[in-house]
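Each chain is listed here by its residues.
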Amino acid sequence: MIDVRNLSKFYGATRSLDGLTFSVPEGEVLGLLGPNGAGKTTAMRILTGQTRATSGSARVAGFDVATEHLKIRRLLGYLPEDSPVYPEMRVEEYLKMMAGLKDLPATHMKREIDRVLDETNLLGVRRRLIGNLSKGNRQRVGIAQALLGDPALLVLDEPTVGLDPKQIAEVCELIRSMRGERTVILSTHILSNVSMTCSCVVIIKDGRLVAEGPVETIGDRVRGRRLVLRVRGGEENGVRSAVASAGGFPPEAIEVSTVDAMLRVAVAVESGTEDKRAAIARRIVEEGWELIELTEDRATLEDIFLHATASGVERPA
Amino acid sequence: MKSFLRHTRLIAWREFRLLLGTPMFWVLTGVFFLAAALVYISLIIGFSDPTLREENNIKADVTIAVIHDLFYILHFFLMVQVPMLTMRAFAEERRQNSLALLQTTPASEWAIVAGKFIANAGAMLVYLGVTLVFPLMTEYLSDPQWPVIGSCYVALALASCGYVALGMFFSSLTDSQVIAAVLTYVALFVMLIFAGVADAFGIEGLLRLSEHLTLMAHVKGFLEGNVALVDAAYFVVFSFVFLFFAVRQIESLRWRS
C-alpha cells in the first residue's frame with residue numbers, strides 16, 4: 001500500500017529526513033515512532049501530498065505522491081496534529097461539508113455520517129457547536145471526518161492528544177478494529193497506544209530509520225530475546241555448561257550471577273531460534289537442581305524505543 | 001466540473017456563514033452604513049437648499065448632485081472595508097492548519113479559492129445592499145435616473161470583486177491577519193495615488209499607464225452612467241489575475257513548506 005524509498009527532505013540547510021525507506025502492506029496499522037524532531041510529521045506530510053521530498057520517492061497505492069497527489073486525496077483520510085476543525089460549525093454540518101468535499105454521493109451521505117458519528121461516539125453531540133465541545137470531543141470530530149468515505153488509507157497524527165484514558169482506550173480500540181480492513185499510519189508519543197493498536201512499527205531518529213518490524217517481534221530484532229532462569233543447588237560453571245548444552249547456546253551468550261543465594265542465568269537468544277525452554281528445564285531437573293523460575297524476557301515497546309533511539313541501531317537485514 | 005462546482009459551493013457557503021456570523025462583520029456594516037448615511041444627508045441638504053446649491057455650484061440634477069457623489073465616496077469606503085473582510089480568508093486557515101486539511105481532500109486549490117472569493121464578494125454585496133435605502137429615499141424625494149443608479153451599483157460591485165481578489169491574494173501570503181490587511185491597504189493606496197504621482201511629476205507615459213491600470217479610472221465611467229465593456233472586462237481580468245496568484249500561492253505552500 002505504501003512504499004517509501006530513500007526519502008530525504010531538507011528545509012534550507014536543515015535535514016529533516018535522511019534516506020528514509022520503509023513499506024506498509026495493505027491492511028496494516030503502522031505506528032510511526034520517534035523522538036520530537038525525528039521527522040515523523042514531515043514523513044506524514046510527504047505521504048499526504050502536503051509537501052514535496054527533496055529526493056527519493058514515495059508511492060501510495062501505486063500513485064506517486066509528488067505527481068499524483070490528487071488521486072491519493074481520494075483514498076485518504078487525514079487527521080492533522082491538533083485536529084483543526086471549524087469551531088463555528090455544528091458537528092453534523094461540519095461532517096456534511098467534509099463528506100461533500102470528499103465527493104461522497106448525496107444518497108449515502110446521511111448513512112455515512114451516522115456511521116462515523118456512531119464509531120466515534122459523537123451521536124449525542126451531533127447538533128452541538130464544535131467550539132463548545134471538550135477537547136476530546138473535538139479530537140473525535142477530527143477522527144470522524146478522517147473516517148468519512150471509508151478511506152483506504154488513514155493517516156492520524158497524534159490522534160489521542162487531549163483525550164482522557166477512557167477515550168484513549170476507545171480510540172485505540174477503534175483503530176485496532178481497522179486492522180485488515182484499511183491501512184493506517186499512526187504517529188504518537190504514547191507507546192502503550194502503539195502496543196494496543198499497531199501491527200507493525202517504524203522508529204525513526206534524526207530522519208533515519210532505526211528500527212522496523214511487527215510489534216510482536218521488533219523487540220527481538222532490536223534488543224534480542226532473553227531467557228532468564230533462577231536455579232538453586234547448582235554451582236556457576238556447572239549450570240552454565242548445562243544450560244549451554246541443553247539449549248545449544250554458545251557459552252558467551254550466557255551470563256550467570258548470584259542473587260539471593262540463587263543463581264540467576266540470563267541467556268541471549270538469537271532471533272528465529274526455536275523455543276528451548278522445555279529442554280533446559282528438563283536438564284536442570286535431571287541434574288538435581290531446583291528450577292525456581294524460567295521466563296522469556298521480552299522487551300517492551302518502551303525498551304525498544306529507548307534502545308533504538310539511544311543507540312541508533314541500524315535496520316536489521 | 002460537477003465536482004468542482006460542488007466543492008466551490010460547500011466552501012463558499014461555509015465561508016459566507018462564517019463571515020456573517022462574526023460580530024466584526026456587522027460592526028463594519030454598521031459603520032459603513034452610518035458613514036454613508038452622513039454623506040447622503042449632507043449631500044441631500046446641499047442639494048435641497050437653493051442658496052447652498054448656488055454657493056457650492058451644485059448641479060440641479062439629483063442623480064449627479066447626490067447619487068453620483070454618494071457612490072464616488074462609497075467607493076472609497078469600500079476600499080477601507082475590504083482588507084478587514086479579506087484578511088482572514090487564508091491567513092486564519094493557515095494559522096489554524098485547517099488549510100492543510102482542505103488540501104488533503106479532493107477539492108482543488110481553484111475550488112478553495114473560488115469558494116472563498118464568492119463568499120467574500122457576497123459579503124461585499126451585503127454592504128452594498130444596505131445602501132439601497134439611499135436611492136429609494138431619493139426616489140421618494142425627487143426623480144433620480146435609475147439606469148445611472150444601476151450603473152453605479154455595477155461599478156461598486158465589480159470594483160469590490162477586484163479588491164476582494166487583491167485582498168485574498170495578500171491573505172494567502174501570510175498566516176497573520178494584520179499583515180494581510182496592511183499589505184492590502186498598501187497595495188490599494190499605491191493604486192490610488194499612482195495617477196496622482198504621475199500627474200504631479202508630469203510623466204506622460206505613467207499618466208497613460210495609470211489610465212489603463214488603476215481601478216479608479218475604470219470606476220469613473222460607470223459612476224457617470226457610461227457602461228463600457230472595456231471597463232467591465234478590466235475588473236474581470238483584474239479579479240482573475242489576483243485569484244490566479246492566490247491559487248498559485250496556496251499551491252506553492254505544498255512545495256515550499
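Rules used throughout
- For every chain, the first residue of its written sequence is number 1, and the numbers climb from 1 along that sequence.
- Written order decides the labels, with chains lettered from A and ligands numbered from 1.
- Restriction of local features to residues with pLDDT of at least 70 applies here, the model being predicted, together with a cutoff of 80 or more for giving and counting side-chain atom pairs; totals for whole chains, interfaces and linings are based on all residues.
- Where side-chain values are given, they derive from all heavy atoms of the structure, hydrogens and water being excluded.
- Put simply, DSSP H or I for four residues or longer makes a helix, DSSP E for two residues or longer makes a strand, and each gets a number counted from the N terminus.
- Burial status follows relative accessibility: with a 1.4 Å probe on protein chains alone, a residue under 20% of its type maximum counts as buried, one over 50% as exposed, and anything between as partly exposed.
- Residue contacts are defined here by distance: any two heavy atoms, one from each residue, within 4.5 Å place the two residues in contact.
- Note on areas: these come from Shrake-Rupley sampling with a 1.4 Å probe, and a residue is covered only by the protein chains present in the view.
- Positive charges come from Lys and Arg alone, negative charges from Asp and Glu alone, with His and the N- and C-terminal ends not counted.
- For the purpose of locating charges, the reference atoms are NZ of Lys, CZ of Arg, CG of Asp and CD of Glu.
- The globule rule used here is 2.2 Å times the number of residues to the 0.38 power, and the radius of gyration it is set against is calculated over C-alpha atoms.
- Strands were regarded as paired on the criterion that DSSP finds at least two bridges between them.
- With a 1 Å grid laid over protein atoms only, a set of points is called a cavity when a 1.4 Å probe fits there but cannot get out and a pocket when it is open yet has protein on both sides within 12 Å along at least five of seven lines; lining residues have an atom within 4 Å of a point.
- Grid points are joined across faces, edges and corners, and a volume is the space filled by probe spheres set on the points.
- For this classification, the nonpolar set comprises Ala, Val, Leu, Ile, Met, Phe, Trp, Tyr, Cys and Pro, the charged set comprises Asp, Glu, Lys and Arg, and every other residue, Gly included, is treated as polar.
- As a working definition, buried area equals the accessible area (1.4 Å probe) given up by two parts on being put together, with both sides summed.
- Salt bridge, as used here: a side-chain nitrogen of Lys or Arg that lies within 4 Å of a carboxyl oxygen of Asp or Glu.
- Within 3.5 Å is the distance limit for a polar contact, defined as a pair of N or O atoms, with the added protein rule that one can donate a hydrogen and the other accept it, and that residues adjacent in sequence qualify only through two side-chain atoms.
- For every residue, the predictor assigns a confidence score, pLDDT, that lies between 0 and 100.
- Interaxial angles span 0 to 180 degrees and are taken between N-to-C directions of axes, which are lines fitted to C-alpha atoms, for helices over the stretch in contact.
- We call two directions roughly parallel when the angle between them is under 35 degrees, roughly antiparallel when it is over 145, roughly perpendicular when it lies between 65 and 115, and oblique otherwise.
- Planes of paired rings set the category: under 30 degrees apart is stacked, over 60 is edge-to-face and the rest tilted, where pairs are Phe, Tyr or Trp rings (Trp by its six-membered ring) whose centres lie within 6.5 Å.
- Either the NZ atom of lysine or the CZ atom of arginine qualifies as a charge over a ring when it sits within 6 Å of the ring centre and within 35 degrees of the ring normal.

(A) Spotlight on the overall build of chain A. Each helix and strand in chain A was counted, giving 11 helices and 14 strands. By its C-alpha atoms, chain A is 75 × 45 × 30 Å across when sized along the principal axes. Across the 317 residues that make up chain A, the buried fraction comes to 50%. Taking as baseline every contact in chain A between residues at least 6 positions apart, the subset at least 24 positions apart corresponds to 69%. If you sum the accessible surface of chain A, you get close to 14,000 Å²; carbon and sulfur atoms cover 49% of it. Across chain A, the mean location of the 42 positive side-chain charges is 6 Å away from that of the 44 negative side-chain charges.

(B) Quick peek at the overall build of chain B. The helix and strand inventory of chain B stands at 13 helices and zero strands. For chain B, the N- to C-terminal ordering of α and β elements is α-α-α-α-α-α-α-α-α-α-α-α-α. Against the 2.2 N^0.38 benchmark of 18 Å for 257 residues, chain B shows a C-alpha radius of gyration of 20 Å, consistent with a compact globule. When its C-alpha atoms are laid out on the principal axes, chain B stretches across 65 × 45 × 35 Å. With 257 residues in all, chain B has 50% of them scored as buried. Across chain B, the fraction of contacts at a sequence separation of at least 24, relative to all contacts at a separation of at least 6, is 75%. Of the roughly 11,800 Å² of accessible surface on chain B, 71% is carried by carbon and sulfur atoms. Averaging the locations of the 16 positively and 18 negatively charged side chains of chain B gives two centres separated by 18 Å.

(C) Structural detail: the sheet that holds strand 4 (residues 55-60) of chain A. Residues and elements named next belong to chain A. One open sheet holds the four strands; their spatial order is 2-1-4-5, and the pairing between them is antiparallel. Either end of the sheet is taken by a strand with one partner, and the two such strands are strand 2 (14-24) and strand 5 (63-64). Note: strand 1 (residues 2-11) against strand 2, seven bridges, orientation antiparallel. In the strand pairing of strand 2, lysine 9 is matched with leucine 17.

(D) The arrangement of the layout of surface pockets in detail. By volume, the largest pocket amounts to about 280 Å³. In this structure, the largest pocket is lined by 13 residues; those nearest its centre are Lys96(A), Met97(A), Arg9(B), Leu10(B) and Trp13(B). If one sorts the elements of the lining of the largest pocket by residue count, helix 1 (residues 2-21) of chain B sits on top with six residues. Partitioning the lining of the largest pocket into residue classes produces six nonpolar, one polar and six charged.

(E) Molecular detail of the interface of chain B and chain A. With 26 residues of chain B at the contact, the number on the chain A side is 33 residues. Around 2,600 Å² of area is buried between chain B and chain A when both sides are counted, 56% of it from carbon and sulfur atoms. For the pair chain B and chain A, the interface holds three salt bridges. Salt-bridge contacts for Glu93(A) lead to Arg17(B); the nearest nitrogen and oxygen are separated by 2.7 Å. Between the two partners, chain B and chain A, sit 11 residue pairs in polar contact (both at pLDDT 80 or more). Residue assignment for the side of chain B that touches chain A shows that the elements contributing at least two residues are helix 1, helix 5 (88-96), helix 6 (98-102) and helix 13 (229-256) of chain B. The dominant element in the side of chain B that touches chain A, judged by the number of residues it contributes, is helix 1 of chain B, at eight residues. The class makeup of the residues in the side of chain B that touches chain A is 10 nonpolar, 10 polar and six charged.

(F) Geometry of unusual backbone geometry. One non-glycine residue with positive phi stands out, namely Asn121(A), at about 55°. Here Asn121(A) is to be found in the loop between helix 4 (106-119) and helix 5 (135-147).

(G) Region of the structure containing the pairing of strand 10 (residues 208-214) of chain A. All names here are of chain A. Counting buried positions along strand 10 gives five out of seven residues, so the element sits mostly inside the fold. Bridge analysis of strand 9 (residues 200-205) against strand 10 gives six bridges, and the strand direction is antiparallel. Along strand 10, the bridge assignment pairs valine 201 with glycine 213. Between strand 9 and strand 10, which pair antiparallel one after the other, the connecting turn spans two residues, and aspartate 206 there sits at a positive phi close to 50°.

(H) Region of the structure containing the confidence of the model for chain B. Of all residues in chain B, 95% attain a pLDDT of 70 or more, and the chain-wide mean is 86. Scored as a complex, the prediction yields pTM 0.80 and ipTM 0.82.

(I) Broad picture of the packing of helix 11 (residues 204-213) of chain B against helix 12 (residues 215-223) of chain B. Residues and elements named next belong to chain B. Orientation of helix 11 relative to helix 12, taken along the N-to-C sense of each, is 60°, at an axis distance of 5 Å. Regarding the angle of helix 11 to helix 12, the classification is oblique. Residues Ser210, Glu211, His212 and Leu213 of helix 11 pack against Leu215, Ala217 and His218 of helix 12. Of the residues assigned to the contact of helix 11 with helix 12, the class counts are three nonpolar, three polar and one charged.

(J) The arrangement of helix 1 (residues 40-47) of chain A in detail. Residues and elements named next belong to chain A. A large share of helix 1 lies buried, amounting to seven of its eight residues. Listing the buried residues of helix 1 in full gives Lys40, Thr42, Ala43, Met44, Arg45, Ile46 and Leu47. Phi for glycine 49, located one or two positions after helix 1, is positive at around 75°.

(K) Up close: the packing of aromatic side chains. Scanning the entire structure with this criterion turns up 20 aromatic pairs over all chains. With 5.7 Å between their ring centres and 15° between their planes, Trp110(B) and Phe240(B) make a pair best called stacked. With Trp110(B) in helix 7 (residues 109-130) and Phe240(B) in helix 13, this pair connects stretches of sequence that are 130 residues apart. The class for Trp110(B) is partly exposed, based on a relative accessible area of 29%. Summarising the aromatic geometry, the rings of Phe169(B) and Phe170(B) are spaced 5.2 Å apart at their centres and angled 55° between planes, so their arrangement reads as tilted. Given a relative accessible area of 15%, Phe169(B) falls into the buried group. Here the aromatic residues Trp110(B), Phe169(B), Phe170(B), Phe222(B), Tyr234(B), Phe235(B), Phe238(B), Phe240(B), Phe242(B), Phe244(B) and Phe245(B) are joined through ring pairs into a cluster of three or more. We note Arg14(B) situated over the ring of Tyr86(A); from NZ or CZ to the ring centre the distance is 3.4 Å.

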